[in-house]
Amino acid sequence: AQSVTQPDIHITVSEGASLELRCNYSYGATPYLFWYVQSPGQGLQLLLKYFSGDTLVQGIKGFEAEFKRSQSSFNLRKPSVHWSDAAEYFCAVAGGASGGSYIPTFGRGTSLIVHP
Amino acid sequence: NAGVTQTPKFQVLKTGQSMTLQCAQDMNHEYMSWYRQDPGMGLRLIHYSVGAGITDQGEVPNGYNVSRSTTEDFPLRLLSAAPSQTSVYFCASRFRQGGGYTFGSGTRLTVV
């Protein structure tokens, strides 16, 4: 079975500071990995995804994530946070479970708070 | 394109009532899924479909029913609402060959 752990429930950063949100996954083979962002009262928006190839993935809004197989991690980073980045962030993993349908399993989310 | 459209956006039910949450997508996506989101629990998969006429259970299917008669529509039925089903429900879809899911804006359901 596949699973995702986001160790941090809340992260607080100052505007302009760098950001790293942690994500650890469990899956037996090479997974598909995703990061989504959810603003209050909204649905989830895809930030970036990793399927194969280059382990450093660029996404929208200046975010990037790095796949590290040896650490089973897919951490999300941003060099300089803006107040508008305050939101809930979800990491997700998909693979060959559920009959090979690649339905993602989501972590519990990390709430990002940005101080001015 | 409208993307993934969920209706209604808000609903209050009494315990024991039944209702259907609607989900429609206009992107010709093969895969569609229903998730529920509860505080501190992330998103949990209720049911999913890999194409018209094919559905399967997810992590938390009890109390819910789905069908997929067309590619576009994937309604979620609550058979007899319970307070434990108070949640925010999200429908999502994607192409079979890959890509991330596109999410609807959600239905906030309260069961009293």
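Above this text you will find the structure in question.
From a predicted model like this one, the values you see are computed outputs, not experimental measurements. Per chain, residues are indexed from 1 in the order of the written sequence. Lettering for chains starts from A, numbering for ligands starts from 1, and both go in the order in which the items are written. Restriction of local features to residues with pLDDT of at least 70 applies here, the model being predicted, together with a cutoff of 80 or more for giving and counting side-chain atom pairs; totals for whole chains, interfaces and linings are based on all residues. To get the side-chain values, take all heavy atoms of the structure and skip hydrogens and water.

A look at the sheet that holds strand β8 (residues 76–78) of chain B
Note: strands within a sheet are paired through backbone hydrogen bonds, in either parallel or antiparallel orientation. All names here are of chain B. At least two bridges found by DSSP between two strands are what make those strands a pair. Where helices and strands are cited, they refer to DSSP runs of H or I of at least four residues and of E of at least two residues respectively, numbered from the N terminus. Here we have 4 strands laid out as an open sheet, ordered β1-β3-β8-β7, and antiparallel in their pairing. The sheet is open, and its two borders are formed by β1 (4–7) and β7 (64–66), each paired with just one other strand. Adjacent strand axes in the sheet meet at a mean angle of 20°, parallel and antiparallel pairs treated alike. Both β1 and strand β3 (residues 19–25) contribute to a ladder of 4 bridges, which runs antiparallel. Across the sheet, the residue bridging to T5 is A24, located in β3. Note on definitions: angles span 0 to 180 degrees between N-to-C directions of axes, and those axes are lines fitted to C-alpha atoms, for helices only across the stretch in contact.

A short note on the layout of surface pockets
Taken as a whole, the largest pocket encloses approximately 480 Å³ of empty space. A cavity here means a set of points on a 1 Å grid, drawn over the protein atoms and nothing else, where a 1.4 Å probe fits but cannot get out; a pocket is an open set with protein on both sides within 12 Å along at least five of seven lines, and a residue lines either one if it has an atom within 4 Å of a point. Along the wall of the largest pocket there are 24 residues; nearest its centre are Q38(A), G41(A), Q37(B), V88(B) and R108(B). Every element with two or more residues in the lining of the largest pocket is listed here: β10 (87–94) of chain A together with β4 (31–38), β9 (87–95) and β11 (107–111) of chain B. If one sorts the elements of the lining of the largest pocket by residue count, β9(B) sits on top with 3 residues. Grid points are joined across faces, edges and corners, and a volume is the space filled by probe spheres set on the points.

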